[in-house]
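These are the residues of each chain, in order.
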Amino acid sequence: MSAVLQKADKAEKGALKGAIRIEDVVKIYDPEGAAVMAVDHCSLDIPAGEICMIVGPSGCGKTTLLNAIAGFHSISSGKIFLDNELLCGPEKPMAQPGSDRIVVFQNGALFPWKSNLDNVAFGPLMQGKLGKKEIYDKARSMMADAGLSGTEHNFPGEVSSGLRRRVEIVRALMNEPKVLLFDEPYRALDSLTKSVMHEALLEIYYKNKVTIFFITHDLEEAIFLGHRLVIMSSRPCKPKKIIDVDIPHPRDYSVLTSTRYRQLMDETIELVHEEAKKAFSAGEKEG
Amino acid sequence: MDQNQTVALLKRSMPFQTVPGEMLDAIAKLARYESYARGDVIYHQGDFADDVYIVSSGTVQHTLGIGFQATHPEKILHSGDVFGWAAVLDNQRSRLAKTVCMERTELIRINGEELINLFRASPETGDIVMSRFATMINKEYTLPEEVAGHVPHFTQVPVTMATGLTLTMFRLSQWLKSPKPYLMFTGFGILLATWYFTVEVWKLPRFADMPGLTVVMKEWFSKDPVYGLSIYTPEYYQHIWVSVRRILIAFFLATVLGVPLGLFLGWSKTFREYVFPVFETLRPIPILAWVPLAILMFQGSETPVIFLTFLASFYATALNTMLGVETIDESYSRAAACLGASKWQTFKEVIVPGAMPFMFTGLQISIGVAWFSLVAGEMVSGEFGLGYVINTSYTMVRYPTIVIGMITLGIVGYTSSALVRMAGDYMMQWRVRELALGGR
Ligand SMILES: Nc1ncnc2c1ncn2[C@@H]1O[C@H](COP(=O)(O)OP(=O)(O)OP(=O)(O)O)[C@@H](O)[C@H]1O
Ligand SMILES: [Mg+2]
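Basis of the calculations
Residues numbered from 1 in each chain as written. Chains lettered and ligands numbered in written order. Predicted model: local features only at pLDDT ≥ 70, side-chain atom pairs only at ≥ 80, totals over all residues. Heavy atoms only, no water. Helix = DSSP H or I, 4+ residues; strand = E, 2+ residues; numbered from the N terminus. Rg over C-alpha atoms; globule rule 2.2 N^0.38 Å. Buried < 20%, exposed > 50% of the residue type's maximum accessible area, 1.4 Å probe, protein only. Contact = heavy atoms within 4.5 Å. Areas by Shrake-Rupley, 256 points an atom, 1.4 Å probe, with all protein chains shown as cover. Domains from an automatic or database assignment. Buried area = accessible area lost by both parts, 1.4 Å probe. Salt bridge = Lys/Arg side-chain N within 4 Å of Asp/Glu carboxyl O. Polar contact = N/O pair within 3.5 Å; in protein donor to acceptor, adjacent residues only side chain to side chain. Nonpolar A, V, L, I, M, F, W, Y, C, P; charged D, E, K, R; others polar. Pairing = 2+ DSSP bridges. Axes fitted to C-alpha atoms, helices over the stretch in contact; angles between N-to-C directions. Core = buried A, V, L, I, M, F, W, Y, C linked by side-chain atoms within 4.5 Å. Patch = residues over 30% accessible without salt bridge, like charges linked within 9 Å, V, L, I, M, F, W, Y side chains within 5 Å. Lys, Arg positive; Asp, Glu negative; His and termini not counted. Charge placed at Lys NZ, Arg CZ, Asp CG, Glu CD. Parallel < 35°, antiparallel > 145°, perpendicular 65-115°, else oblique. Left-handed = near helix turned anticlockwise from the far one by under 90°. Near = heavy atom within 4 Å.

On a plain count of helices and strands, chain B comes out with 17 helices and eight strands. For chain B, the C-alpha radius of gyration of 32 Å lies well beyond 22 Å, the compact-globule estimate for 440 residues. Considering only C-alpha atoms, chain B reaches an extent of 95 × 60 × 35 Å along its principal axes. Across the 440 residues of chain B, 46% fall into the buried class.

Listed below in structure tokens is the structure:
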């Protein structure tokens, strides 16, 4: 854990929620047939309120791990806890999806048939916790906070992809989740929009301290956003090295020119390149 | 900065986000690029407001002068933010704020008057952009609505969201402006001319017995038709009404039964395993093969025809709806589950609207095959109806009436599928607007 976060932890002891503990998780797809081992005895501890960046070669099993936490599919063995409560384990191989862990998808999953405002209001409306008026008032003010005023009545298909991502994050935050799970959400964006999105995400994060589990291929993004970088081995997926990004938060884009950033970048590039080569030659053998 | 980069920047800025491509290009042409060093003042309060600015990179501090009841007089602007909007206000052409660059900053500036002239040429877009300016001034600069009220309007009537009727009217006017209607009339012209010349002028061997254009038209519009059927005879409308009523009943039943069946087939794997094999063995049987059984099964002449019409429609609707459910991206249902939707809520909020585009494709096909099997059914059994007219006119040697029946079928059939398409557009505004943005 980074020194910065430890300090933050002490300051707000108990205030933060959303610690994830992954214990010895194994996931084998199609155990009777092809038996593809996607995750191999993976253990990882993510303290509450941390931005944990997951980096690894393509096809190594990152999405599989995320889906297990979200409750989209079962695990073969091991346990996953959220704030010391069991999400899934031997007796209960599949976690129940819920609004405490919300996924922001690779290609975005705003409902194209609902206006941005209706999308944002969707979670609380479904859960029926608040009155309709309260929900919409909250949705409007959260959208305004995120700089989305004026797009409430547009459909997602009518606004730029950058804005769409922001709406999706606001939709998640409406539910006051403990954990946000990102699966390469900015992959399809151009680098300009991406940099805007990064700062926007950090801004949102500083306001709502949630735990962030963030899968990416982009090392610049990983170091810029993360408290820690978890570098995964090629398939089966397993943490190979964990790097503390000891650049203090709050960060802005000037971080990218600092020497510490450069050093970390060089360090990670080397590690990742090694794994990518392994994954590539493994793929050649399989093919 | 080249044209593309400028367009990209415009697209990211709040007021210009929804502007269509061509217009963006035109706006980008007005833009001039400028760069400033740290500490440079772009303008002072009270300066003449000529240009609107958009930040490309860097940061700008924007401080409103005293006396403008803003709740947050100071604002920091980043890439994509717009300022200097006094240049587009109606009677407020002096700067309300002071702006200073806080680091090296790149900007584009657009002359307010030129921008407004551009919007005069396409008032619909202009009003959208200006209403977004107003929102921005109001929300982001926290200025009261009176200030935002000074942004100009271009269209006469206040623009509302494009909904059903306005959208149809807009499309109609667009269509009339495009070359499409003239091409269409030329197409019809060629068809009619071919008919006229081959049959009546040149009297080509195979065409000589066919009823000619003038004969058919005379008969169709005659107050006293030779063979008893024209637009002046009540029988004509009775035949149309009988066919339309059969279609309505059959199409209604096919939709009411086919849509839910398709939805459940796509949604529930177990249900599908029970029902789909039966469905798939019955489906390839041609409608005409059902005729004898239909006559045996149902009493009278009306129900067998409706049954045959229903059958083909039903398959098309159910099958396409099922396909619609299958093609829904899994991440939508997963997102719904994350957001706490129950299974039933997911069905209602995700599966049904998600399947809608395919469902309406199914309904379009369904209405088409309904007419097809209706005519087949009416020719074999039944009294009245356009298929019946065509068949009896043949046996009774009333050739012009055959063609009248055919043309009428074409017109009524086309109208019915246009109605289905309009219903689809009405129910899928999101799709219409998405496609409109894609320039289709
Ligand atoms: N449903 C499935 N059945 C069988 N194998 C699967 C299934 N889903 C994924 N796999 C395999 O498991 C491995 C890990 O997949 P996963 O999607 O988790 O990788 P990833 O790290 O997210 O990759 P990427 O970076 O490309 O998104 C891959 O080799 C993939 O082919
Ligand atoms: Mg993945």
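Within chain A, the regular secondary structure consists of eight helices and 10 strands. Computed over C-alpha atoms, the radius of gyration of chain A comes to 19 Å, within 12% of the 19 Å expected from 2.2 N^0.38 for 287 residues, which places it in the range of a compact globule. Referenced to the eigenvectors of the C-alpha coordinate spread, the extents of chain A come out at roughly 55 × 50 × 40 Å. Per-residue burial over chain A gives 55% buried out of 287 residues. Put simply, 69% of the contacts in chain A that link residues at least 6 apart link residues at least 24 apart. Carbon and sulfur atoms make up 52% of the accessible area of chain A, which amounts to about 12200 Å² in all.

Moving on, we come to the domain arrangement of chain A. Residues and elements named next belong to chain A. By the assigned domains, chain A splits into domain 1 (15-100 + 179-282) and domain 2 (114-176). A straight line from the C-alpha centre of domain 1 to that of domain 2 covers 26 Å. With 14 residues of domain 1 at the contact, the number on the domain 2 side is 10 residues. Between domain 1 and domain 2 the total buried area reaches about 1100 Å² when both faces are included, carbon and sulfur atoms providing 72% of it. Our enumeration of links across domain 1 and domain 2 arrives at zero salt bridges. Counting the contacts that link domain 1 with domain 2 gives one residue pair in polar contact (both at pLDDT 80 or more). Secondary-structure elements contributing two or more residues to the side of domain 1 that touches domain 2 are strand S7 (179-183) and helix H6 (191-207). A total of seven residues in the side of domain 1 that touches domain 2 trace back to one element, the largest contributor, which is H6. Here the side of domain 1 that touches domain 2 is built from residues that sort into 10 nonpolar, three polar and one charged.

Let us now look at the sheet that holds strand S5 (residues 85-88) of chain A. Residue and element names in this part refer to chain A. Across the sheet, which stays open at both edges, the four strands sit in the order S2-S1-S4-S5 with antiparallel pairing between neighbours. Each end of this open sheet is capped by a strand with a single partner; those strands are strand S2 (36-46) and S5. Here the average twist between neighbouring strands, direction ignored, is 30 degrees. With five bridges joining them, strand S1 (residues 20-29) and strand S4 (residues 77-82) adopt antiparallel strand pairing. Bridged to isoleucine 22 within S4 is isoleucine 80. Of the strands in this sheet, S1, S2, S4 and S5 are in contact with helix H2 (residues 62-70), which crosses S1 at around 115 degrees.

Formed by 136 residues in total, the largest nonpolar core has its most connected members in Ile22, Ile80 and Phe213 of chain A. Ranked by residues supplied to this core, first place goes to helix H14 (residues 343-380) of chain B with 13 residues. Beyond its immediate sequence surroundings of up to four residues, isoleucine 22 of chain A is in contact with Cys42, Ser43, Leu44, Leu65, Ile69, Lys79 and Ile80 of chain A. One finds Leu9, Val19, Leu77 and Met136 of chain B within the second-largest nonpolar core, a separate group that totals 51 residues.

A cluster of acidic residues, Glu199, Glu203 and Asp252 of chain A together with Glu103 of chain B, forms a negative patch at the surface. With respect to the helices and strands, aspartate 252 of chain A occurs in the loop between strand S10 (239-244) and helix H8 (259-286). Taking relative accessible area as the criterion, aspartate 252 of chain A reaches 39% and is therefore assigned partly exposed.

Describing two packed helices takes the angle between their axes plus the distance from one axis to the other. Residue and element names in this part refer to chain B. Two elements in contact, helix H9 (residues 234-267) and helix H12 (residues 302-326), have axes separated by 6 Å at closest approach and are oriented at 30 degrees. By the criterion of interaxial angle, the relationship of H9 to H12 is roughly parallel. Here H9 runs over H12; the crossing is right-handed. Looking at the contact of H9 with H12 residue by residue, the class counts come to 18 nonpolar, eight polar and three charged.

Before going further, it helps to examine the pattern of salt bridges. In a structure, side chains of opposite charge can pair up when their charged atoms sit close to one another. All names here are of chain B. Applying the stated criterion across every chain yields a total of 21 salt bridges over all chains. The closest approach of N and O atoms between aspartate 51 and arginine 109, which form a salt bridge, is 2.5 Å. Of this pair, aspartate 51 sits in strand S3 (residues 51-57) while arginine 109 sits in strand S8 (residues 105-111), and the two are 58 residues apart along the sequence. Comparing aspartate 51 with arginine 109 shows no difference in burial state: the two are buried. Between glutamate 330 and arginine 334 there is a salt bridge, with its nearest N and O atoms 3.6 Å apart. Linking glutamate 330 with arginine 334, this pair stays in helix H13 (residues 330-338), spanning four residues, or about one helical turn. Linked through salt bridges whose partners overlap, the residues forming this network are Arg32, Glu34, Asp50, Asp51, Arg95 and Arg109.

All right, on to the domain arrangement of chain B then. Partitioning chain B into structural domains gives domain 1 (3-161) and domain 2 (211-437). On a C-alpha basis, the centres of domain 1 of chain B and domain 2 of chain B stand 52 Å from each other.

The next point concerns the sheet that holds strand S3 (residues 51-55) of chain A. All names here are of chain A. Strand order in this open sheet of six strands is S6-S7-S8-S3-S9-S10, and the pairing throughout is mixed. Sheet topology places strand S6 (101-104) and S10 at the edges, where each strand pairs with a single neighbour. Put simply, the sheet's adjacent strands are angled 20 degrees from each other on average, direction ignored. The sheet contact formed by S3 and strand S9 (residues 228-232) spans four bridges and is parallel.

This part covers the site of ligand 1. Residue and element names in this part refer to chain A. Around ligand 1 sit Tyr29, Ala38, Ser58, Gly59, Cys60, Gly61, Lys62, Thr63, Thr64, Glu184, His217 and Arg235, and that is every residue in its neighbourhood. Between ligand 1 and the protein, one listed contact pairs an oxygen atom with a side-chain N or O atom of threonine 64 at 2.5 Å. A distance of 3.5 Å separates an oxygen atom of ligand 1 from a polar side-chain atom of histidine 217. For ligand 1, whose accessible area on its own is 640 Å², the fraction buried by protein is 64%.

Residue and element names in this part refer to chain B. Helix H2 (residues 21-30) packs onto helix H1 (residues 3-12) with a crossing angle of 110 degrees between their chain directions and a minimal axis gap of 9 Å. It follows that H1 is roughly perpendicular to H2 by the angle criterion. The handedness of the crossing between H1 and H2 comes out as right-handed. Across the interface between the two elements, Gln3, Thr6, Val7, Leu10 and Lys11 of H1 pack against Leu24, Asp25, Ile27, Ala28 and Lys29 of H2. Residues that form the contact of H1 with H2 fall into these classes: five nonpolar, two polar and three charged.

This next bit is on the interface of chain A and chain B. Between chain A and chain B, the contact holds 33 residues from the first and 28 residues from the second. Around 2900 Å² of area is buried between chain A and chain B when both sides are counted, 66% of it from carbon and sulfur atoms. At the junction of chain A and chain B, the tally comes to one salt bridge. A salt bridge links lysine 114 of chain A to glutamate 349 of chain B; the nearest nitrogen and oxygen atoms lie 2.6 Å apart. Summed over the shared surface of chain A and chain B, the result is five residue pairs in polar contact (both at pLDDT 80 or more). Going through the elements one at a time, S6, helix H3 (116-127), helix H5 (161-173) and H6 of chain A are the ones with two or more residues in the side of chain A that touches chain B.

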